[in-house]
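The lines below spell out each chain.
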Amino acid sequence: MARVFSGIQPTGDLHLGNYLGAVRRWAAEQHEHDAIHCVVDLHALTIPRDPAELRAKTNEVTLLLVAAGLDPQAMILFAQSHVPEHTELAWVMECTASHGELSRMVQFKEKSKQAAHVSAGLFTYPALQAADVLLYDTEEVPVGDDQRQHIELARDLAERFNGRYGPTFVVPKHTIPPVGARIMDLQEPTKKMSKSLDSPQGTILVLDDPKAIERKIKRAVTDSDGEVRYDITEKPGLANLLSILAAVTDEQPEAVAEKYTQYGPLKADAAAAVVEALRPLQERYAELAADPGAADAILRTGAEKARAIATPKMAQVRDAVGLTSRH
Ligand code: AQP
């Protein structure tokens, strides 16, 4: 079975983009793969966070992943900071990446424009992400489209390292879902739905109640020409609604467009489909959240299983680069 690794930041409320672009697939494919998924709490530190909120969100995201269908008995689910080999390998990756290639990362350029304080961690974060992936001999990284460039960097770093020090890392490839890879904000449909965009009316949270989902989709920005057609450039708002409905119903957006002549019924069906798709997750989350120790227990077991892979891999890396043995 192919080894699969992917992570999610505990930086805010999980939204429909995270669910359709990543998490839903992680759950659907966990039994076909050797699956490892990680709550990347160290990535969250690139921007200053309230400590209590970061702790709470780490637990919440963990339980949401389980509520979405991940089975911590069958796969590995852990928090990045619980496995110190991630930061150790990140340093080696920072020394493998060039300043130029990190400067070309689109996400850094965008985030550094918005941030009042641009931390060095925000700049080097793709090196930590490469470490996350390479530490587990990952073959496939299932992510949304926004992560494509970072995974390509991880491939380059693996190849460069292997070229310098001999075969050490598996060179991973990203797998992007055919539909739902880039869910856009409902109010600003040229920007991706994101935890950090701070667009409450444009973001559907996986824990939103049905009324909120219906309201947000009903008020989603579209256009005034009234023609239902899938056209990302000319009609980004409508294309986004078609993509959402298509992703939830496992169809192609173009095929969904052919069923409608008006925006109203399309919006109503998209809202109903999203409400139904999220209902099981919301019910399961309510059960899990009733146990205050649930997330801790899951993450503790997950970290033990992750370290069993990460520790020997890091020893191999240390040896390859010429660091002397600790023992
Ligand atoms: N809009 C999206 N559509 C499809 N997939 C998405 N992902 C994120 N947004 C979308 C995928 O979800 C996984 C977790 O990503 P993340 O934790 O980086 O989520 P985020 O909402 O993107 O978080 P932030 O804090 O707002 O960060 P940035 O600034 O990165 O957007 C990934 O597989 C991602 O592809």
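Higher on the page you've got the structure.
This structure is a prediction, so every number in the text was calculated from the model and none was measured.

### So, the layout of surface pockets
Move 1: The space that makes up the largest pocket amounts to roughly 1100 Å³.
Move 2: Every residue lining the largest pocket is counted, 46 residues in all, and those nearest its centre are Gln-107, Asp-146, Gln-147, Lys-192 and Ser-194.
Move 3: Looking at the lining of the largest pocket, the elements with two or more residues in it are strand S1 (3–8), helix H1 (16–29), helix H6 (106–114), helix H7 (120–134), strand S4 (140–142) and helix H8 (148–165).
Move 4: Class assignment of the residues belonging to the lining of the largest pocket gives a composition of 17 nonpolar, 19 polar and ten charged.
Move 5: Taken as a whole, the second largest pocket encloses approximately 290 Å³ of empty space.
Move 6: If you go around the second largest pocket, you meet 18 residues; those closest to its centre are Arg-182, Met-184, Tyr-230, Ile-232 and Ser-243.
Move 7: Broken down by element, the residue count for the lining of the second largest pocket peaks at four residues, all from helix H10 (residues 236–249).

### So, the site of the ligand
Move 1: In the vicinity of the ligand lie 24 residues, with His-15, Lys-111, Asp-146, Lys-192 and Ser-194 positioned nearest.
Move 2: Between the ligand and Lys-195 there is a distance of 2.7 Å, counted from an oxygen atom to a side-chain nitrogen or oxygen.
Move 3: With the chains in place, 97% of the 650 Å² that the ligand exposes on its own is no longer accessible.
Move 4: When atom positions are compared with the pocket grids, the ligand is found to occupy the largest pocket.
Move 5: Among the secondary structure elements, those contributing two or more residues to the shell around the ligand are S1, H1 and H6.
Move 6: Looking at which element gives the most residues to the shell around the ligand, the answer is H1, with four residues.
Move 7: Along the lines of polarity and charge, the residues of the shell around the ligand split into six nonpolar, 13 polar and five charged.

### A short note on the pattern of salt bridges
Move 1: Going through the model one piece at a time under the given rule, you end up with 20 salt bridges.
Move 2: Note that Arg-279 is salt-bridged to Glu-276, the shortest N-O span being 2.5 Å. Separated by three residues within a single helix, Arg-279 and Glu-276 lie in helix H12 (residues 263–289), roughly one turn from each other.
Move 3: Given the relative accessible area of 36%, Arg-279 is considered partly exposed.
Move 4: Each of Asp-223, Asp-225, Glu-227, Arg-229, Asp-231 and Lys-235 takes part in one network of salt bridges that share partners.

### Some points on the side chain of Asn-240
Move 1: Mapped onto the fold, Asn-240 is located in helix H10.
Move 2: Overall, the relative accessible area of 3% leaves Asn-240 in the buried class.
Move 3: Residues in contact with Asn-240, not counting those within four places in the same chain, are Arg-182, Ile-183, Met-184, Asp-185 and Leu-186.

### Comments concerning the nonpolar core
Move 1: Leu-16, Tyr-19, Leu-65, Leu-186, Ile-217 and Val-274 are the most contacted members of the largest nonpolar core, which totals 56 residues.
Move 2: Within the residue set of this core, elements represented by two or more residues are H1, strand S2 (34–39), helix H3 (51–67), helix H9 (210–218), H10, helix H11 (253–257), H12 and helix H13 (294–321).
Move 3: Per-element accounting of this core gives the leading share, eleven residues, to H12.
Move 4: Excluding anything up to four places from it in sequence, Leu-186 contacts Met-193, Gln-201, Gly-202, Ile-204, Lys-216, Ile-217, Ala-220, Val-221, Asn-240, Leu-241 and Ile-244.
Move 5: Listed in part, the 39 residues of the second largest apolar core include Leu-128, Ala-154, Phe-169 and Ala-303.

### A look at empty space enclosed by the protein
Move 1: On inspection of all chains with the given rule, the structure shows two cavities of 30 Å³ or more.
Move 2: Lining the largest cavity, in full, are Gln-9, His-43, Thr-46, Ile-47, Arg-49, Gln-107, Lys-111, Leu-122 and Tyr-125.
Move 3: The residue inventory of the lining of the largest cavity, partitioned by class, reads three nonpolar, four polar and two charged.
Move 4: Reported here for the second largest cavity is a volume of approximately 40 Å³.
Move 5: Surrounding the second largest cavity, Val-4, Arg-25, Trp-26, Glu-29, Gln-30, His-33, Ala-35, His-37 and Pro-142 form its lining.

### Looking at the packing of helix H4 (residues 85–94) against H7
Move 1: At a minimum axis distance of 8 Å, the contact between H4 and H7 shows a crossing angle of 120 degrees. Taken together, the axis directions place H4 and H7 in an arrangement best described as oblique. The handedness of the crossing between H4 and H7 is right-handed. Residue-level contacts link His-86, Leu-89, Ala-90, Met-93 and Glu-94 of H4 to Thr-124, Ala-127, Leu-128, Ala-130, Ala-131, Asp-132 and Leu-134 of H7.
Move 2: In the contact of H4 with H7, the residues fall into eight nonpolar, two polar and two charged.

### A short note on the side chain of Lys-57
Move 1: You can see Lys-57 is positioned in helix H3.
Move 2: What makes Lys-57 buried here is its relative accessible area of 12%.
Move 3: Sequence-distant contacts of Lys-57, that is, excluding residues within four places in its chain, are made with Pro-10, Gly-12 and Asp-13.

What counts, and at which threshold
Throughout this document, residue positions are counted from 1 along each chain, in the order its sequence is written. Totals for whole chains, interfaces and linings use all residues, but because this is a predicted model, local features are given only for residues with pLDDT of at least 70 and pairs of side-chain atoms are given and counted only at 80 or more. Think of the side-chain values as coming from all heavy atoms in the structure, minus any hydrogens and water. In this analysis a 1.4 Å probe is tested at points of a 1 Å grid over the protein atoms alone, and where it fits but cannot get out there is a cavity; an open set with protein on both sides within 12 Å along at least five of seven lines is a pocket; lining residues have an atom within 4 Å of a point. Grid points are joined across faces, edges and corners, and a volume is the space filled by probe spheres set on the points. Helix numbers and strand numbers start at the N terminus; a helix is a DSSP run of H or I with at least 4 residues, a strand a run of E with at least 2. Three classes are used, and their members are as follows: Ala, Val, Leu, Ile, Met, Phe, Trp, Tyr, Cys and Pro are nonpolar, Asp, Glu, Lys and Arg are charged, and the others, Gly among them, are polar. For this description, a residue counts as near a given molecule or strand if any of its non-hydrogen atoms is within 4 Å of it. Think of a polar contact as two N or O atoms within 3.5 Å of one another; within protein, one of them needs to be a possible hydrogen donor and the other a possible acceptor, and neighboring residues in sequence only count if both atoms come from side chains. The accessible surface values rely on the Shrake-Rupley method and a 1.4 Å probe; as for residues, cover is taken only from the protein chains in view. To be counted as sitting in a cavity or pocket, a molecule needs more than half of its atoms within 2 Å of that site's grid points. Just to be clear on terms, a salt bridge is a Lys or Arg side-chain nitrogen sitting within 4 Å of an Asp or Glu carboxyl oxygen. Exposed residues in this analysis have more than 50% of their type's maximum accessible area, buried residues have under 20%, and partly exposed residues fall in between, with area computed by a 1.4 Å probe over protein chains only. Two residues form a contact once any of their heavy atoms are found within 4.5 Å. Only buried residues count toward a nonpolar core. Its members are Ala, Val, Leu, Ile, Met, Phe, Trp, Tyr and Cys residues joined through side-chain atoms within 4.5 Å. What counts as an axis is a line fitted to C-alpha atoms, over the stretch in contact for a helix, and the angles between N-to-C directions run from 0 to 180 degrees. Between 65 and 115 degrees an angle is taken as roughly perpendicular, under 35 as roughly parallel, over 145 as roughly antiparallel, and anywhere else as oblique. Two helices that cross are described as forming a left-handed crossing if the nearer one is turned anticlockwise from the farther one by less than a right angle, and a right-handed crossing if clockwise.

Nothing here speaks to function; it is all geometry.
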